[in-house]
Amino acid sequence: MRIDKKQKKKEIVLKIIVTFGLVKKLIQVTTMSNKTKRFFLPEEEIPHYWYNIQADMVNKPMPPLHPGTKQPLKAEDLYPIFAQELCKQELNQTDKWIEIPEEVREMYKYYRSTPLVRAYGLEEALGTPAHIYFKNESVSPMGSHKLNSAIPQAYYCKKEGVTNVTTETGAGQWGASLAYAARLFGLEAAVYQVKISYEQKPYRRSIMQTFGAQVTPSPSMSTRAGKDILTAHPNYQGSLGTAISEAIELAQTTPNCKYTLGSVLSHVALHQTVIGLEAEKQMEMAGEYPDMVIACFGGGSNFGGIAFPFMRHKILEGKQTRFIAAEPASCPKLTRGKFQYDFGDEAGYTPLLPMYTLGHNFAPANIHAGGLRYHGAGVIVSQLLKDGLMEAVDIKQLESFEAGCLFAQVEGIIPAPESCHAIAATVREAKKCKETGEEKVILFNLSGHGLIDMTSYDKYLSGDLVNYELTDQDIQKNLDEIGNLA
Ligand SMILES: *Cc1c(COP(=O)(O)O)cnc(C)c1O
């Protein structure tokens, strides 16, 4: 009898343990199946319109000024440089939605929609209660978001009878994207690449050449702008500003040739809004809405691309989302620059733009996020920052690579050195959430992958990279030199 009772008791305990185990397993399985990693949109959900935030802004950007007359620029003034449709888009402050041509949507289909990804690996590594999402623009054929604007720019040029396009490129992402887009629409492309990038990142040059583009390191002796700078500074390693001057000069002296630009200008940010418009639908699929939207910042195109569609709900409905631009500490135009009229290029060929700037004469340190080495910010973003609709943080080079390596190890994607700045800013915010216990939703843009930037990672891993300190005097000296231009 006693043995029987004991046996029964044992069986009951066993049953409880087994049942408890099963229930636990069941809970694990069901919660796991709810853990969707990536959110995709079907092709028909790729946006049919770009979003023009200028139409919704209460304080519109101040007008670009003609550098000679100092009068507000009209679209026609830009026709000699850019395709006409792009000039109209640049100054359009009334049409909220601008139709994406069917030919452009067809080419978007080669890689869009891009996935929205929940960064479970990063969340776990940081032990943060925050929900971290990223929009993965690195899946484009060229490995970055830049193709989103290269395709429409080449398309409009072709449609208007242009045969040649020129441009400048820093790290090479824009040049590669334009080279490919030019090929798609049967145009010849000539690219000026910042010399330091031309030398540090030879594979991007090979990519451009694979698509048939002609690539020249800048500064070069082939233009007046290049010659002037090389005469004054024979060892100058180049900057985006100089390369822009060279490309514009070539466009102005070559028949049937237009200049194209991969960042800074308003029409570029307009094209990039496909990122945020897709992300908006994908966040809905995930059943969440971002408390913070973060992107790295060079001239503002990938930031504007992911931020503007969400910002319209802040402007129109008072949503409290924070928008954070992450710029390099060595090129801090948003956090330490001055809002004033300045040229977009070093030689002073472009219109005067009302923007946060370090001065068009600013020569940034040779940091490895080449795409972020630009002296100014686009006019839309500059106005939004002035109006307090967004914020900016600066990130030191070593912190950016540290965040990038962590991200690579836990998410399996090696980020572009530029994108590492967005990741570092995200890590900072996620750590704050860990301290406060807040379950904030963070969305950041992964603007590109770093598989062609491994030279930079090599330098970081072998301890050869340093942080660059920029003093207030350095910055003030540049601004004093350019003075008041408007
Ligand atoms: C060009 C580039 C950037 C910086 O340009 P924005 O116009 O500020 O977006 C950032 N990330 C990558 C991968 C780039 O190629």
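Residues numbered from 1 in each chain as written. Predicted model: local features only at pLDDT ≥ 70, side-chain atom pairs only at ≥ 80, totals over all residues. Heavy atoms only, no water.

Observations concerning the overall build of the protein
Regarding its fold elements, the protein presents 19 helices and 15 strands. In terms of overall size, the protein behaves like a compact globule, its C-alpha atoms giving a radius of gyration of 25 Å where 486 residues would be expected to give roughly 23 Å. Its C-alpha atoms give the protein principal-axis dimensions of roughly 105 × 50 × 45 Å. Looking at the protein as a whole, 59% of its 486 residues are labelled buried. Considering only residue pairs separated by 6 or more positions, the protein has 77% of its internal contacts joining residues 24 or more positions apart. Counting only carbon and sulfur atoms, one obtains 54% of the accessible surface of the protein, whose full area is about 20,200 Å². Computed over 51 positive and 54 negative side-chain charges, the inter-centroid distance for the protein is 8 Å. (Helix = DSSP H or I, 4+ residues; strand = E, 2+ residues; numbered from the N terminus. Rg over C-alpha atoms; globule rule 2.2 N^0.38 Å. Buried < 20%, exposed > 50% of the residue type's maximum accessible area, 1.4 Å probe, protein only. Contact = heavy atoms within 4.5 Å. Areas by Shrake-Rupley, 256 points an atom, 1.4 Å probe, with all protein chains shown as cover. Lys, Arg positive; Asp, Glu negative; His and termini not counted. Charge placed at Lys NZ, Arg CZ, Asp CG, Glu CD.)

Brief notes about the UniProt feature "modified residue: N6-(pyridoxal phosphate)lysine" (unreviewed entry) in the protein
Per the UniProt record, "modified residue: N6-(pyridoxal phosphate)lysine" (unreviewed entry) is found at Lys146. Its place among the elements puts Lys146 in the loop between β5 (131-136) and α6 (147-159). For Lys146, a relative accessible area of 14% translates into the label buried. Setting aside residues up to four positions removed in sequence, Lys146 forms contacts with Gln173, Trp174, Ser177, Gly262 and Gln272. (UniProt positions renumbered as here; feature names shortened; annotations may be inferred.)

Regarding the layout of surface pockets
Space inside the largest pocket adds up to approximately 160 Å³. Within the residue set of the lining of the largest pocket, elements represented by two or more residues are α16 (397-411) and α17 (417-436). A per-class count over the lining of the largest pocket returns five nonpolar, no polar and four charged. (1 Å grid on protein atoms, 1.4 Å probe; cavity = no way out; pocket = protein on both sides within 12 Å on 5 of 7 lines; lining within 4 Å. Points joined across faces, edges and corners; volume = space filled by probe spheres on them. Nonpolar A, V, L, I, M, F, W, Y, C, P; charged D, E, K, R; others polar.)

As for the side chain of Asn136
Secondary-structure assignment places Asn136 in strand β5. For Asn136, a relative accessible area of 6% puts it in the buried group. Polar contacts involving the side chain of Asn136 include one to the side chain of Ser138, which spans 2.6 Å. Residues within four places of Asn136 in sequence aside, it is in contact with Thr114, Pro115, Val117, Ile413 and Leu446. (Polar contact = N/O pair within 3.5 Å; in protein donor to acceptor, adjacent residues only side chain to side chain.)

With respect to the UniProt feature "domain: Tryptophan synthase beta chain-like PALP" (unreviewed entry) in the protein
UniProt annotation of "domain: Tryptophan synthase beta chain-like PALP" (unreviewed entry) refers to residues 110-448 when read in the numbering used here. Taken as a whole, residues 110-448 contains 46% helix and 19% strand, while its terminal C-alpha atoms sit 17 Å from one another.

Side note on the pattern of salt bridges
Per the stated rule, a full pass over the model turns up 20 salt bridges. Put simply, Arg204 and Asp453 hold a salt bridge, and the shortest N to O gap is 3.1 Å. With Arg204 in helix α9 (residues 202-210) and Asp453 in the loop between β15 (441-446) and α18 (454-461), the pair connects residues that are 249 residues apart, well separated along the chain. On the basis of relative accessibility, which here comes to 2%, the residue Arg204 falls in the buried class. (Salt bridge = Lys/Arg side-chain N within 4 Å of Asp/Glu carboxyl O.)

A look at the sheet that holds strand β7 (residues 188-194)
The strands that make up a sheet pair up through hydrogen bonds in the backbone, lying either parallel or antiparallel. Read across the sheet, four strands follow the order β8-β7-β6-β9 without closing on themselves; strand pairing throughout is parallel. Strands at the two margins of the open sheet, each flanked by one partner only, are β8 (214-218) and β9 (257-259). With direction set aside, neighbouring strand axes in the sheet form an average angle of 20°. Alignment of strand β6 (residues 164-169) against β7, held across six bridges, turns out to be parallel. Paired with Asn164 across the strands is Glu188, a residue of β7. Each of β6, β7 and β8 is contacted by α9, which is oriented at about 170° to β7, the strand it contacts most. The sheet strands contacting helix α11 (residues 240-253) are β6, β7, β8 and β9, and the helix crosses β6 at an angle near 170°. (Pairing = 2+ DSSP bridges. Axes fitted to C-alpha atoms, helices over the stretch in contact; angles between N-to-C directions.)

As for the packing of α16 against α18
Packing of α16 against α18 brings their axes to within 11 Å, and their N-to-C directions diverge by 105°. Overall, the two elements α16 and α18 adopt an arrangement that is roughly perpendicular. Residue-level inspection shows Leu398, Phe401, Glu402, Gly404 and Cys405 of α16 in contact with α18, the latter providing Ser456, Tyr457, Tyr460 and Leu461. Of the residues in the contact of α16 with α18, the class split is six nonpolar, two polar and one charged. (Parallel < 35°, antiparallel > 145°, perpendicular 65-115°, else oblique.)

Points about the site of the ligand
The environment of the ligand is formed by 18 residues, the closest being Lys146, Ser263, Gly298, Asn302 and Ser447. Within the side chain of Ser301, a nitrogen or oxygen atom sits 2.7 Å from an oxygen atom of the ligand. Within the side chain of Ser447, a nitrogen or oxygen atom sits 2.7 Å from a nitrogen atom of the ligand. Protein coverage of the free-state accessible area of the ligand, which is 380 Å², stands at 98%. Given that more than half its atoms are within 2 Å of the pocket grid, the ligand belongs to the largest cavity. Of the residues assigned to the shell around the ligand, the class counts are four nonpolar, 12 polar and two charged. (Near = heavy atom within 4 Å. Sits in = over half its atoms within 2 Å of the grid points.)

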